[in-house]
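# Architecture and fold: a report
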Amino acid sequence: MVKVWLGWYRIHLIGHAGGEGLARDVRPVILGAERVLKALLITCAVIVALRHFKQDVSSLVVSLGIGSIAIGLAAQDTFANMLAGFLILMDRPFSLGDRILLSTGELGDVIHIGFRSTQLRLGNGALLIVANRELA
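Please read these numbers as outputs of a predicted model, since none were measured by experiment.

## Things to note about the pairing of strand E4 (residues 127-131)
Looking at chain direction, strand E3 (residues 117-122) and E4 are connected through 5 bridges and run antiparallel. Paired with Thr118 across the two strands is Val130, which belongs to E4. If you look at the hairpin formed by E3 and E4, you'll find 4 residues sitting between the two strands, and Gly125 has a positive phi there, around 90°.

## Focus: the sheet that holds E4
The antiparallel open sheet is built from 4 strands, whose spatial order is E1-E2-E3-E4. Each edge of the open sheet is held by one strand with a lone partner, namely strand E1 (99-101) and E4. Across the sheet, the mean angle from the axis of one strand to that of its neighbour is 45°, orientation sign disregarded. Both strand E2 (residues 107-113) and E3 contribute to a ladder of 5 bridges, which runs antiparallel. Bridge pairing in E3 places Asp109 opposite Arg121.

## Some thoughts on helix H4 (residues 76-91)
Between its first and last C-alpha atoms H4 spans 22 Å; for 16 residues at 1.5 Å apiece the expected length is 22 Å, and the two agree. Residues Asn81, Ala84, Gly85, Ile88 and Leu89 constitute the buried set of H4. End-on view of H4: buried residues confined to an arc of 135°, all on one side of the axis. With respect to the buried face of H4, the exposed residues turned more than 90 degrees away are Leu83 and Asp91. Of the residues trailing H4, Arg92 is marked for its positive phi of about 55°.

## Details of the pattern of salt bridges
Here the idea is simple: oppositely charged side chains can pair when their charged atoms come close. The full count for this structure, using the stated rule, is 3 salt bridges. The residue Glu34 makes a salt bridge to Lys38 at a minimum N-O spacing of 3.5 Å. Here Lys38 and Glu34 lie together in helix H2 (residues 19-52), a separation of 4 residues that amounts to about one turn. A salt bridge links Arg133 to Asp77; its shortest N-O distance comes to 3.1 Å. Linking Arg133 in helix H5 (residues 132-135) with Asp77 in helix H4, this pair joins segments that are 56 residues apart in sequence. By relative accessible area, Arg133 is classed as partly exposed at 40%.

Reading guide: rules and limits
Residues numbered from 1 in each chain as written. Predicted model: local features only at pLDDT ≥ 70, side-chain atom pairs only at ≥ 80, totals over all residues. Heavy atoms only, no water. Pairing = 2+ DSSP bridges. Helix = DSSP H or I, 4+ residues; strand = E, 2+ residues; numbered from the N terminus. Axes fitted to C-alpha atoms, helices over the stretch in contact; angles between N-to-C directions. Expected span 1.5 Å × (residues − 1). Buried < 20%, exposed > 50% of the residue type's maximum accessible area, 1.4 Å probe, protein only. Arc of directions from axis to C-beta. Salt bridge = Lys/Arg side-chain N within 4 Å of Asp/Glu carboxyl O.

Now the structure itself:
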């Protein structure tokens, strides 16, 4: 069911919200979400199966919760940049080739918009990589 829903969402992106370019950019996020949801469903199924056979799973559930908190805190900056990158790709405040002025006063042409960072070519030819969290 998850695969069907994500497939529909991918087709919806191609048809309505920016065409092939946006679908190509968002595809890694959709594939990653599919893997995470599959792992979550498999984990829940294993826990339910163990409970059915009268096994104590409380320590497993607590361990998974603590592990999730640790991973979330460790990857907080990465998640912030990825969320900002996703929002930039969806809202399209600028696109490839646009010239933008940063809050630091630097002026550059957008040459790549990724999920964690955006690359700008400055007037002197230097490449500047800016975290999406700062652009958002």
